[in-house]
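As a plain string of letters, each chain reads:
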There are 6 protein chains.
Amino acid sequence: MSQLKAVEYSAASPEVKAVYDDIRQTRQVDDVNNFWKYIAQHPPTLARTWDSLKDVMAPGALDPLVKELLYVAVSVTNNCGYCVASHTAAARRAGMTDEMFGELLAVVGMANETNRLAVGYRVPIDPAFE
Amino acid sequence: MSQLKAVEYSAASPEVKAVYDDIRQTRQVDDVNNFWKYIAQHPPTLARTWDSLKDVMAPGALDPLVKELLYVAVSVTNNCGYCVASHTAAARRAGMTDEMFGELLAVVGMANETNRLAVGYRVPIDPAFE
Amino acid sequence: MSQLKAVEYSAASPEVKAVYDDIRQTRQVDDVNNFWKYIAQHPPTLARTWDSLKDVMAPGALDPLVKELLYVAVSVTNNCGYCVASHTAAARRAGMTDEMFGELLAVVGMANETNRLAVGYRVPIDPAFE
Amino acid sequence: MSQLKAVEYSAASPEVKAVYDDIRQTRQVDDVNNFWKYIAQHPPTLARTWDSLKDVMAPGALDPLVKELLYVAVSVTNNCGYCVASHTAAARRAGMTDEMFGELLAVVGMANETNRLAVGYRVPIDPAFE
Amino acid sequence: MSQLKAVEYSAASPEVKAVYDDIRQTRQVDDVNNFWKYIAQHPPTLARTWDSLKDVMAPGALDPLVKELLYVAVSVTNNCGYCVASHTAAARRAGMTDEMFGELLAVVGMANETNRLAVGYRVPIDPAFE
Amino acid sequence: MSQLKAVEYSAASPEVKAVYDDIRQTRQVDDVNNFWKYIAQHPPTLARTWDSLKDVMAPGALDPLVKELLYVAVSVTNNCGYCVASHTAAARRAGMTDEMFGELLAVVGMANETNRLAVGYRVPIDPAFE
């Protein structure tokens, strides 16, 4: 769609610039990713999504690396190419090694396999899990 | 399907019993879950799946709790009821607290949301991620 | 939803009855499944879906059993409980044995696993496949 | 696959040409999209799919713009790149503005997030919804 | 999981009660749905999700009925039982008739079918859609 | 990710070379596909996946062509571009004709459509299917 395009910093409204600035400061990067530049076409979505993501990905009971691994696992399962690329990069910045990545995909693959075996065999939930 | 049924230990073939015994010993449980009893209807699938799962879920570069969290993330994204119930229980046994579970689902929810925003806005992959 | 309910033969309009009669005759059954009774709430959907399904599932280059196996594979991958139950039953009527069912689910499981490995490792398509 | 290719009008069989002509007349376009040219490799699928789509997308209780918005919502959720591109274009032709598109994706994103929260927390259906 | 349970109003913390009160007032209902009671186990998720949902579902360029139809379309495509039940009810309250519901599901069904035809035939994006 | 790359035969470890040799001999090909070269970055995943796939895809109660058709059906439903391309090619080598491919996609499309109708209408499982 020719209508879809990145909103670059120089062309952004003050409202959008403020979000970009917060992303750049929080993540210590010079420029924001395409994801933010594209959703900036709808400023309320940009502001709301960044607020939520900053909260959800902050350190808590789970550390940031684990959260990034979970993000990759969901993105792979959903087959979202952009998301796999960007969150694999984010996970590496957060400390993911090649070996961790290999094990992550092995778990994601097995989970997708056994999910289907559970569905196909119509396995009833064990009383202990209720 | 009346043809689908759990293969209980007492009625299992020696081949199936050997797998059940290995599961019970590895996991230190008295009985195996319904998942194993149902896929035991096709003994090669039982043996192959257990062998793979034992390898994949063993401690490695990622610890067992992180692997269980990843399993829950995939199962939730695939909407597999049995898998969510059984792997949430497994994650709790591996040390997942209520707070960790809350953060896990928050990440899974956000990842599913932003995956769709990336697809809907047709965001091109940043050169830095290639 | 109290608004959702099966449209039984006795209460059906002539238009719906005609579709039910064709299903009963084509499949040689006394009554139609719940699937048809529920979508009959929107008669154009009932008529169009049955027409399409009768065409698509008829013997052709692929025989009816293979078509039913494919239907189960999709239904398991989509985690549709009703669909897995009804099409597993249909596949058995078309000749699927326990051994065939076991192999079917093994293939479906492996395909779901390797699909995710291909996505996670971002495997480029081999020139020979283009 | 070298075997896969668009069936252009000039090379089409009379049966395929008739469908192309109906698409061109119904939609008031000079040429049909790649979607139709590719599925034309299996003429019965071309004819059946066009017949169904023409019926389903015609004005009814829901107007054509709403139907196109729904099509985009499903295509985004399924992560179908071609479908997102073609139906976003179709929705714009039917009157979708930038603001409507922004709100559409915001709803689709939130629905995908809350769907997973409902699954992960294993929320039982309220009696009022049964 | 015995750990999962609804947080009823009487047992809720002041923070959770405030969200419940806002939902009740905004929606003019006596009690909140199970969805809110279950995610209330993680108060930050409750507060953030309600804030986002209230914004996203408010009247805007798209009216509330259209937004509820989109929510149902996504929930059906994701096969989320709770979500289909609750949002079908919400859509009916917003004015969805039986005829509109029938057409909605017809579009959702066709979109899921044609999405797969586009993927299976590997249809390239038309230049006009780029 | 610059970290992701194919492991070519000449640069492979003896462990990886042994798997490549087995694939080449089993499939009677000169070189392995990109899928294997990419997952070879995690040798245990390469070895385990090949062992499983060789077992699962071997002739049994279902013949290899049927198994390849099932693989395509799952890959299309999951929208995995690489998987659709590689398994469509594999199915053609196993004997799939254009007509069979056309019918395969027609079934996959219809199954995805009716799966959603069953979910949207919340069809209860017929007692006969339990």
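Residues numbered from 1 in each chain as written. Chains lettered and ligands numbered in written order. Predicted model: local features only at pLDDT ≥ 70, side-chain atom pairs only at ≥ 80, totals over all residues. Heavy atoms only, no water.

**Examining the overall build of chain A**
Point 1. Helices and strands together make up the secondary structure of chain A, namely six helices and zero strands.
Point 2. Reading the helices (α) and strands (β) of chain A from amino to carboxyl end gives α-α-α-α-α-α.
Point 3. Taken over C-alpha atoms, the radius of gyration comes to 18 Å for chain A, far larger than the 14 Å a tight globule of 130 residues would show.
Point 4. Reported as C-alpha extents along the three principal axes, the dimensions of chain A are approximately 55 × 35 × 30 Å.
Point 5. Every one of the 130 residues in chain A was classed for burial, and the buried ones make up 62%.
Point 6. In chain A, 42% of the contacts between residues at least 6 apart in sequence involve partners at least 24 apart.
Point 7. Total accessible area on chain A stands at roughly 4700 Å², and carbon and sulfur atoms take up 52% of it.
Point 8. Distance between charge centres in chain A, computed from 12 positive and 16 negative side chains, equals 7 Å. (Helix = DSSP H or I, 4+ residues; strand = E, 2+ residues; numbered from the N terminus. Rg over C-alpha atoms; globule rule 2.2 N^0.38 Å. Buried < 20%, exposed > 50% of the residue type's maximum accessible area, 1.4 Å probe, protein only. Contact = heavy atoms within 4.5 Å. Areas by Shrake-Rupley, 256 points an atom, 1.4 Å probe, with all protein chains shown as cover. Lys, Arg positive; Asp, Glu negative; His and termini not counted. Charge placed at Lys NZ, Arg CZ, Asp CG, Glu CD.)

**Points about the interface of chain F and chain A**
Point 1. Listed per partner, the contact involves twelve residues of chain F and 14 residues of chain A.
Point 2. For the chain F and chain A pair, buried surface summed over both sides reaches about 850 Å², with 52% attributable to carbon and sulfur atoms.
Point 3. Note that A:Arg122 and F:Glu130 form a salt bridge whose closest N and O atoms lie 3.4 Å from each other.
Point 4. Our count for the contact surface shared by chain F and chain A stands at five residue pairs in polar contact (both at pLDDT 80 or more).
Point 5. Residues of the side of chain F that touches chain A, tallied by class, amount to five nonpolar, five polar and two charged. (Buried area = accessible area lost by both parts, 1.4 Å probe. Salt bridge = Lys/Arg side-chain N within 4 Å of Asp/Glu carboxyl O. Polar contact = N/O pair within 3.5 Å; in protein donor to acceptor, adjacent residues only side chain to side chain. Nonpolar A, V, L, I, M, F, W, Y, C, P; charged D, E, K, R; others polar.)

**Some thoughts on helix H3 (residues 43-57) of chain F**
Point 1. Across its 15 residues, H3(F) extends 21 Å between first and last C-alpha, which sits within 8% of the 21 Å expected from 1.5 Å per residue.
Point 2. For H3(F), every residue scored as buried is listed here: F:Thr45, F:Leu46, F:Arg48, F:Thr49, F:Trp50, F:Ser52, F:Leu53, F:Val56 and F:Met57.
Point 3. On the buried face of H3(F), the contacting elements are helix H6 (98-120) of chain A, helix H3 (43-57) of chain B, helix H6 (98-120) of chain C together with helix H1 (14-27), helix H2 (34-39) and helix H4 (64-78) of chain F. (Expected span 1.5 Å × (residues − 1).)

**Re the pattern of salt bridges**
It is possible for side chains of opposite charge to pair when their charged atoms get near one another.
Point 1. Inspection of every chain in the model, using the stated rule, returns 48 salt bridges over all chains.
Point 2. Of the charged contacts in the structure, one is a salt bridge between A:Lys67 and B:Glu103, with a shortest N-O distance of 3.2 Å. One end of the pair, A:Lys67, is in helix H4 (residues 64-78); the other, B:Glu103, is in helix H6 (residues 98-120), on a second chain.

**Concerning the packing of aromatic side chains**
Point 1. Tallying each qualifying case throughout the model produces 30 aromatic pairs over all chains.
Point 2. Note on A:Trp36 and A:Trp50: the rings are 5.4 Å apart at their centroids and 90° apart in plane angle, and the pair reads as edge-to-face. Of the two residues, A:Trp36 is situated in helix H2 (residues 34-39) and A:Trp50 in helix H3 (residues 43-57); the sequence distance between them amounts to 14 residues.
Point 3. You can call A:Trp36 buried: its relative accessible area is 2%.
Point 4. The interplanar angle of 80° and the centroid separation of 5.0 Å between the aromatic rings of F:Phe35 and F:Trp36 together place this pair among those described as edge-to-face. (Phe/Tyr/Trp six-rings, centres within 6.5 Å; stacked < 30°, edge-to-face > 60°.)

**So, the environment of D:Asp51**
Residues and elements named next belong to chain D.
Point 1. With respect to the helices, strands and loops of the structure, Asp 51 is situated in helix H3 (residues 43-57).
Point 2. Residue Asp 51 is classed as partly exposed on the basis of its relative accessible area of 45%.
Point 3. Distance from Asp 51 to Glu 113, taken between C-alpha atoms, is 35 Å for residues 62 residues apart in sequence.

**Observations concerning the relation of the copies chain F and chain C**
Point 1. Mapping chain F onto chain C calls for a screw motion: a turn of 180° about the axis and a shift of 0.0 Å along it, with 0.0 Å RMSD after fitting. Put plainly, the chains are arranged around a two-fold axis.
Point 2. Both copies share a contact surface, since 100% of the interface residues of chain F are interface residues in chain C too. (Least-squares fit on C-alpha atoms with pLDDT ≥ 70 in both.)

**A word on the state of the cysteines**
Disulfides are covalent bonds that link the sulfur atoms of two cysteine residues.
All names here are of chain A.
Point 1. One pass over the full model with this rule turns up six disulfides over all chains.
Point 2. Each sulfur of the disulfide joining Cys 80 and Cys 83 lies 2.1 Å from the other. The sign of the S-S torsion, about 45°, decides the handedness of the disulfide formed by Cys 80 and Cys 83: right-handed.
Point 3. Note on Cys 83: relative accessible area 4%, which makes it buried. (Disulfide = S-S within 2.5 Å.)

**Considering the interface of chain F and chain C**
Point 1. Listed per partner, the contact involves 62 residues of chain F and 62 residues of chain C.
Point 2. Taking both partners together, chain F and chain C bury about 5500 Å²; carbon and sulfur atoms supply 73% of that area.
Point 3. Of all residues in chain F, F:Val107, F:Tyr121 and F:Phe129 bury the most surface against chain C, accounting for 13% of the area lost on that side.
Point 4. Counting across the interface, chain F meets chain C through four salt bridges.
Point 5. The salt bridge involving F:Glu113 is made with C:Arg48; its shortest N-O contact spans 3.1 Å.
Point 6. Residue assignment for the side of chain F that touches chain C shows that the elements contributing at least two residues are H2, H3, H4, helix H5 (81-93) and helix H6 (98-120) of chain F.
Point 7. If one sorts the elements of the side of chain F that touches chain C by residue count, H6(F) sits on top with 18 residues.
Point 8. Of the residues assigned to the side of chain F that touches chain C, the class counts are 36 nonpolar, 17 polar and nine charged.

**As for the relation of the copies chain F and chain A**
Point 1. By a simple turn and slide, chain F fits onto chain A: the slide is 0.0 Å along the axis, the RMSD is 0.0 Å, and the turn is 120°. The symmetry that links the two subunits is that of a three-fold axis. Taking C-alpha positions as reference, the residue of chain F nearest the rotation axis is F:Asn79, located at 4.3 Å.
Point 2. Little of the interface of chain F is mirrored in chain A, where only 8% of its interface residues are also at the interface.

**Comments concerning the domain arrangement of chain A**
Note on interface size: it is often stated as the accessible area lost on association of the parts.
Residues and elements named next belong to chain A.
Point 1. Parsing chain A into structural domains produces domain 1 (1-58) and domain 2 (59-123).
Point 2. On a C-alpha basis, the centroid separation for the pair domain 1 and domain 2 is 24 Å.
Point 3. Linking domain 1 to domain 2 there are zero salt bridges.
Point 4. Put simply, domain 1 and domain 2 have four residue pairs in polar contact (both at pLDDT 80 or more) between them.
Point 5. The set of elements that each furnish at least two residues to the side of domain 1 that touches domain 2 consists of H2 and H3.
Point 6. Among the elements that line the side of domain 1 that touches domain 2, the one with the most residues is H3, at three residues. (Domains from an automatic or database assignment.)

**So, the packing of H3(A) against helix H3 (residues 43-57) of chain E**
Point 1. In the contact formed by H3(A) and H3(E), the axes pass within 11 Å of each other and the chain directions differ by 170°. Taken together, the axes of H3(A) and H3(E) are roughly antiparallel relative to one another. Side by side, H3(A) and H3(E) meet where A:Arg48, A:Ser52 and A:Val56 of the first sit next to E:Arg48, E:Ser52 and E:Val56 of the second.
Point 2. Looking at side-chain class alone, the contact of H3(A) with H3(E) contains two nonpolar, two polar and two charged residues. (Axes fitted to C-alpha atoms, helices over the stretch in contact; angles between N-to-C directions. Parallel < 35°, antiparallel > 145°, perpendicular 65-115°, else oblique.)

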